[in-house]
Amino acid sequence: MAFDKKLNIEVIKTPKDSLTILTDSVLPGETNALNNLFGGELLARMDRAASISARRHSEQIVVTSSVNNVSFGKAIPIGTTVTIEAKVSRAFTTSMEVFIDVWVDDDSGKKIKANEAIYTFVAVDSSGRPTKIDPIHPETEEEKKRYDAALRRKQLSLVLAGKMKADDATELKALFS
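About the criteria used
- Residues numbered from 1 in each chain as written.
- Predicted model: local features only at pLDDT ≥ 70, side-chain atom pairs only at ≥ 80, totals over all residues.
- Heavy atoms only, no water.
- Helix = DSSP H or I, 4+ residues; strand = E, 2+ residues; numbered from the N terminus.
- Buried < 20%, exposed > 50% of the residue type's maximum accessible area, 1.4 Å probe, protein only.
- Contact = heavy atoms within 4.5 Å.
- pLDDT = per-residue confidence, 0-100.
- Pairing = 2+ DSSP bridges.

(A) Quick peek at the environment of Val 102. Along the chain, Val 102 turns up in strand S6 (residues 95-105). When its relative accessible area of 0% is taken as the criterion, Val 102 is described as buried. Not counting residues within four places of it along the chain, the set of residues in contact with Val 102 comprises Leu 42, Met 46, Ile 76, Val 82, Thr 83, Ile 84, Ile 112, Lys 113, Ala 114 and Asn 115.

(B) Structural view of the confidence of the model for the protein. Taken residue by residue, the protein gives an average pLDDT of 92. The fraction at 70 or more is 95%. For the protein, strand S1 (residues 2-4) is the element with the lowest average pLDDT, namely 59, and strand S5 (residues 81-91) is the one with the highest, namely 98.

(C) How the structure looks around the environment of Met 46. With respect to the secondary-structure elements, Met 46 resides in helix H1 (residues 39-58). Relative accessible area serves as the criterion here: at 0%, Met 46 is assigned to the buried category. Remark: the alpha-carbon pair of Met 46 and Glu 171, spanning 125 residues in sequence, is separated by 28 Å.

(D) View of the pairing of S6. The element S6 is extensively covered by neighbouring structure, given that nine of its eleven residues are classed as buried. As paired strands, S5 and S6 are joined by nine bridges and run antiparallel to one another. When the bridges of S6 are listed, Ala 86 appears paired with Ile 100. The antiparallel pairing of S5 with S6 creates a hairpin that spans three residues between the two strands. In this sheet, strand S7 (residues 111-124) lies alongside S6 in antiparallel orientation, the contact comprising eleven bridges. Counterpart to Val 98 in the pairing with S7 is Tyr 119. What sits between S6 and S7 in their antiparallel hairpin is a turn of five residues, with Gly 109 showing a positive phi close to 95°.

Shown next, in the form of structure tokens:
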């Protein structure tokens, strides 16, 4: 729990507290030869939204630690309105996972999910050293699923990096039991 000094009370942080929404149009200088948004431009937009979300949760300086997953499900043509929604899905000791949904408006103005990504950020102090952050408490079913899956993704990442033994990855092992 976090402590609100102004109100002098403990507060529970939830994913919605970190929700960040960025909406923008795709301009000609941001497109490839097929007049679709450059993948790198979308990655940069997602990184900006996710970093704001991570900072809102941690109330610290944050740095991108990894881009864990990016799914380019739909090309985003020039002139399209793009909305990026980012929120912290799980907070660990000093790091947090941010889940990003990318939406586009179709011709009728209806939002269609185009892409998604998962980024990891680390909260750091002014010297760049990792610093502890508050836990997060999911509320909705989707937030709970993403929260639970975040631990499995972290364990998989640690196993693949050689920083955790596969036998110690209890959440991953549970999937195959």
